[in-house]
Amino acid sequence: MHISAKADYATRALLELAREPSRPLTCEAIASSQQIPFRFLKSVVGELRRAGLVRSQRGCEGGYWLGRPAGDITLLDVTHAVDGELLTLRGEPLTGLDYPGPAAGLPGVWRRIEDEAAALLRATTLTSLLPESGGATEKGAA
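Residues numbered from 1 in each chain as written. Predicted model: local features only at pLDDT ≥ 70, side-chain atom pairs only at ≥ 80, totals over all residues. Heavy atoms only, no water.

**Remarks on the overall build of the protein**
And then number 1: In terms of helices and strands, the protein carries 6 helices and 4 strands.
And then number 2: Walking the protein from its N terminus toward its C terminus, one meets helices and strands in the order α-α-α-β-β-α-β-β-α-α.
And then number 3: Seen through its principal axes, the protein has C-alpha atoms that stretch 60 × 40 × 25 Å.
And then number 4: By residue count, 35% of the 142 residues in the protein fall in the buried class.
And then number 5: The long-range share in the protein, meaning contacts at least 24 apart out of those at least 6 apart in sequence, stands at 57%.
And then number 6: Accessible surface, the protein as shown: approximately 9000 Å² in total, 53% of it carbon and sulfur.
And then number 7: Where the 16 positive side-chain charges of the protein centre and where its 17 negative ones centre are 5 Å apart. (Helix = DSSP H or I, 4+ residues; strand = E, 2+ residues; numbered from the N terminus. Buried < 20%, exposed > 50% of the residue type's maximum accessible area, 1.4 Å probe, protein only. Contact = heavy atoms within 4.5 Å. Areas by Shrake-Rupley, 256 points an atom, 1.4 Å probe, with all protein chains shown as cover. Lys, Arg positive; Asp, Glu negative; His and termini not counted. Charge placed at Lys NZ, Arg CZ, Asp CG, Glu CD.)

**Description of the packing of aromatic side chains**
And then number 1: Summed over all chains, the structure comprises 1 aromatic pair.
And then number 2: Centre to centre, the rings of Tyr9 and Phe40 are 5.3 Å apart; their planes meet at 75 degrees, and the pair counts as edge-to-face. Placement of Tyr9 in helix α1 (residues 5-19) and of Phe40 in helix α3 (residues 38-50) is noted, with a sequence separation of 31 residues between them.
And then number 3: When its relative accessible area of 16% is taken as the criterion, Tyr9 is described as buried. (Phe/Tyr/Trp six-rings, centres within 6.5 Å; stacked < 30°, edge-to-face > 60°.)

**Notes on the nonpolar core**
Generally speaking, nonpolar side chains in soluble globular proteins are found buried as a group.
And then number 1: Ranked by size, the top nonpolar core spans 25 residues in total, and within it Leu14, Leu17, Leu41, Leu48, Val54, Leu66 and Ile73 carry the most contacts.
And then number 2: Broken down by secondary-structure element, the contributors of at least two residues to this core are α1, α2 (27-34), α3, β2 (63-66) and α4 (75-83).
And then number 3: Take this core: its biggest share by element is 7 residues, from α1.
And then number 4: In terms of nonpolar packing, the next biggest core, distinct from the first, is built from 6 residues, Leu75, Leu86, Ala117 and Leu121 among them. (Core = buried A, V, L, I, M, F, W, Y, C linked by side-chain atoms within 4.5 Å.)

**Description of a positive patch on the surface**
And then number 1: There is a patch of like positive charges on the surface, built from Lys42, Arg49, Arg50 and Arg58.
And then number 2: Examined against the element boundaries, Arg50 turns out to sit in helix α3.
And then number 3: Relative accessible area serves as the criterion here: at 59%, Arg50 is assigned to the exposed category. (Patch = residues over 30% accessible without salt bridge, like charges linked within 9 Å, V, L, I, M, F, W, Y side chains within 5 Å. Salt bridge = Lys/Arg side-chain N within 4 Å of Asp/Glu carboxyl O.)

**Side note on the pairing of strand β1 (residues 54-57)**
And then number 1: Here β1 pairs with β2 via 4 bridges, running antiparallel. By the bridge assignment for β2, Ser56 is matched with Tyr64.
And then number 2: The hairpin turn running from β1 into β2, its antiparallel successor, is 5 residues long, and Gly59 in that turn takes a positive phi close to 105 degrees. (Pairing = 2+ DSSP bridges.)

**Brief notes about the pattern of salt bridges**
And then number 1: Summed over all chains, the structure comprises 5 salt bridges.
And then number 2: Linking Lys6 and Glu47 is a salt bridge whose minimum nitrogen-to-oxygen distance equals 3.1 Å. Of the two residues, Lys6 is situated in helix α1 and Glu47 in helix α3; the sequence distance between them amounts to 41 residues.
And then number 3: A relative accessible area of 23% means that Lys6 is categorised as partly exposed.

Read these as layout, nothing more, since geometry by itself doesn't imply function.
Shown next as structure tokens:
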């Protein structure tokens, strides 16, 4: 299974926005904080904006905000926004995949993997990924 850089960067950018939803962040600030290449992040944020996951405002007071509450944005939303299909085989969606003979059961396995991955991603919101206040999730704390 492959998780694209776009999906990883998009999620990290959204988590930065979710951490302080009351103020906008620039792409420069997000790229610096998350150590993401700025040009790549700029295109990823454009895809997130088109999908409604972020909103933007130009100008001195401008930047990016979440397009909806962090608890309403799932990792499945993010993946669909930047990658389209969750799982593909040789770049094609799994719908309609059919093999002859002894490999006939294999497409069902691929689809089950996709279904289970989608369920996990659908159940994981940005809010659930944010560290809790108080530092309990910081490195070394347990």
